[in-house]
Amino acid sequence: MVRRPGLPVDPEKLVARMEIIDIPLEGRADMDGLRAFLSACLDAANEDGHDKIASITLSVKHIDPLAVLDSIYEGDAHHFYMENPYREWAVAGAEAVVSASWNGPDRFQQARTFAAGLDEHVIAIGDLSLPFSGPLFFAGFSFYDSVDGREEAFPGGQVFVPQWQVARAGDHYVAVANALIRPGMDVEAVAQRIWSAHRKFSAYTYDQPPRPPVYHILEEREVGPEGTFLKNVALALEAIKKGSYNKIVLSRAVDLLFDNSCQPLKILNRLRRDYPRCSSFSLQSENGTSFIGATPERLVSVDNGRYTTEAIAGSAARDPSAGEDARLARDLLASEKDLREHGHVVESIRRRLESLGLEARIPDSPGLLVLPNVQHLRTPINGPLKEGVHILDLAEALHPTPAVGGTPREDALKDIFKWEPFPRGMFAGLTGWFDLRGNGEFAVGIRSALVRDSRARLFAGAGIVEGSIPEMELRETTLKMEALLRCIRGAAG
Ligand SMILES: C=C(O[C@@H]1C=C(C(=O)O)C=C[C@H]1O)C(=O)O
């Protein structure tokens with residue numbers, strides 16, 4: 001690593017090996033400054049005989065990541081978007097500079113090795129103390145380790161570094177351009193592209209893209225034979241009684257057919273507005289399939305040496321009358337069945353954090369997470385991270401928690417796989433980002449749908465424990481699915 005004076009932070013603390021070149025681009029934010037930087041990257045690539053990633057971070061004025069992604073939306077490019085309005089952050093990026101995918105139980109470690117391998121070949125410039133600065137790794141991990149042939153849209157695990165990223169954290173707005181610099185290449189075209197992107201992002205004009213087509217829902221159809229969900233809940237209750245497991249999360253899927261293709265980012269604009277406590281997200285693969293949703297559940301985030309996770313399990317409806325709504329909340333907080341269901345998730349998270357040697361601060365009893373359509377029991381969990389534990393290690397250890405899988409994990413997963421009449425794919429899998437400092441966040445992909453052209457598949461699940469009533473679990477999944485369905489209908493016209 002090259003260390004230069006005048007940087008806002010100690011680069012040794014900031015990044016392990018990422019090279020930081022101290023060309024004062026902010027002061028000389030012109031084409032010459034950019035050319036000088038890219039030539040330095042090219043020299044490094046030539047010297048090492050290895051591709052380099054040049055990464056340029058600039059602080060910009062107000063920018064809305066979703067609106068930027070929407071205005072340059074391409075149906076067949078990798079993109080990633082995630083926003084949590086309540087916590088005041090948003091990030092979007094598109095077009096892969098580098099990408100990789102894996103299947104199998106090693107997928108998290110392979111992703112970690114992939115990112116570590118790139119680390120020493122990143123040459124970064126700009127204010128790297130800014131949130132979301134430097135190159136980001138956007139990632140998706142499906143529910144199961146591997147996907148079968150039916151689910152080719154998203155592999156077991158995938159990571160990509162985008163050509164451009166824009167982000168907001170509170171009142172800070174950041175734009176990052178990343179470019180692959182190959183030994184012997186002519187960097188002038190790269191300089192021109194980055195320069196025009198820099199000018200564009202510095203004063204974004206939100207040029208209106210062609211209006212996406214108006215669409216209507218032609219057909220809404222439950223996936224699988226009629227009555228499968230109720231039958232599966234009954235089977236699960238028998239298995240629980242026999243002692244096969246304590247908890248299992250079973251899900252349903254509904255297929256929508258539209259009369260026209262549906263641009264997923266229009267739906268996201270509704271989701272982030274209507275569900276500000278949730279993380280709204282879209283992960284699009286190169287074949288044009290998008291995995292979208294607004295999830296209340298954070299699997300894990302890491303911010304400057306601290307990790308945060310949570311248990312969310314146990315649900316009740318909402319009611320328009322204040323009194324009835326409060327009664328539902330009070331009953332949920334006192335429900336023996338829901339507290340037991342919740343307790344399984346907390347205990348499992350505690351054990352898995354312990355297996356990584358991490359201390360955890362866990363409140364004795366859950367609070368409420370109140371969403372517009374449902375309310376949940378929630379226990380926030382956090383603690384200091386240990387040297388050498390990466391966010392991907394945490395994701396690997398925690399996923400899937402009994403909030404979306406079951407406990408004991410492997411026994412419950414076997415029955416989910418056997419009974420559900422559709423592949424879960426990315427549903428209840430992970431969508432998120434991480435950076436070279438080890439910060440990042442992974443959301444659990446529930447309240448979600450797979451969208452492609454004129455089709456969408458919506459998913460929702462519910463936790464089954466002793467005492468669950470099949471019809472009530474069915475009703476709960478309908479309530480959960482309605483969040484997304486309303487936004488899909490709302491974005492149609
Ligand atoms: C599985 C889902 O949600 C999970 C199940 C819950 C429950 O059964 O009470 C609550 C929140 C989530 O942990 C889903 O929304 O699809």
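We now turn to the structure provided with this report. (Residues numbered from 1 in each chain as written. Predicted model: local features only at pLDDT ≥ 70, side-chain atom pairs only at ≥ 80, totals over all residues. Heavy atoms only, no water.)

### Here we look at the environment of R277
Our working definition: Numbering of helices and strands runs from the N terminus; a helix is a DSSP stretch of H or I covering at least four residues, while a strand is a stretch of E covering at least two. Throughout, exposure labels follow a simple rule: accessible area from a 1.4 Å probe, protein chains only, divided by the maximum for the residue type, with under 20% read as buried, over 50% as exposed, and the rest as partly exposed. Note on contacts: a residue pair is in contact if any heavy atoms of the two residues lie within 4.5 Å. Under the rule applied, a polar contact is a pair of N or O atoms within 3.5 Å (in protein, one hydrogen donor and one hydrogen acceptor; residues adjacent in sequence only if both atoms are side-chain atoms).
If you trace the backbone, R277 turns up in the loop between α7 (264–274) and β11 (279–284). Take R277: its relative accessible area is 31%, and that puts it in the partly exposed class. Not counting chain neighbours up to four residues away, the residues in contact with R277 comprise N84, Y86, L369 and L371. Of note is the side chain of R277, whose polar atom sits 3.5 Å from the side chain of Y86.

### As for the pattern of salt bridges
A side chain of one charge can pair with a side chain of the opposite charge when the charged atoms of the two come close. Selection rule: A carboxyl oxygen of Asp or Glu within 4 Å of a side-chain nitrogen of Lys or Arg is what we treat as a salt bridge.
The full count for this structure, using the stated rule, is 33 salt bridges. A salt bridge links R272 to D64; the nearest nitrogen and oxygen atoms lie 2.9 Å apart. Here R272, found in helix α7, pairs with D64, found in the loop between β2 (52–59) and α3 (65–71); they are 208 residues apart in sequence, far enough to count as distant. On the basis of relative accessibility, which here comes to 17%, the residue D64 falls in the buried class. In this structure, R221 engages E219 in a salt bridge whose closest nitrogen and oxygen atoms are separated by 3.6 Å. For E219, a relative accessible area of 38% translates into the label partly exposed. Among the charged side chains, a salt-bridge network with shared partners connects K247, K337, D338, E341 and E473.

### Remarks on the site of the ligand
Here is the rule we go by: Residues are labelled near a given molecule or strand when at least one of their non-hydrogen atoms is within 4 Å of it. Residue-level accessible areas treat just the shown protein chains as cover; the underlying method is Shrake-Rupley with a 1.4 Å probe. Charged residues are taken to be Asp, Glu, Lys and Arg, nonpolar residues to be Ala, Val, Leu, Ile, Met, Phe, Trp, Tyr, Cys and Pro, and polar residues to be all remaining types, Gly included.
Near the ligand lie 18 residues; those nearest to it are I312, S315, R447, G461 and G463. In the model, an oxygen atom of the ligand is placed 2.6 Å from a nitrogen or oxygen of the G461 main chain. Contacts to the ligand include G463, whose backbone N or O atom sits 2.8 Å from an oxygen atom. About the coverage of the ligand: the protein hides 100% of its 390 Å² of free accessible area. If you list the elements that add at least two residues to the shell around the ligand, you get β14 (306–317), β21 (455–464) and α12 (470–490). Taken together, the residues that form the shell around the ligand break down as eight nonpolar, five polar and five charged.

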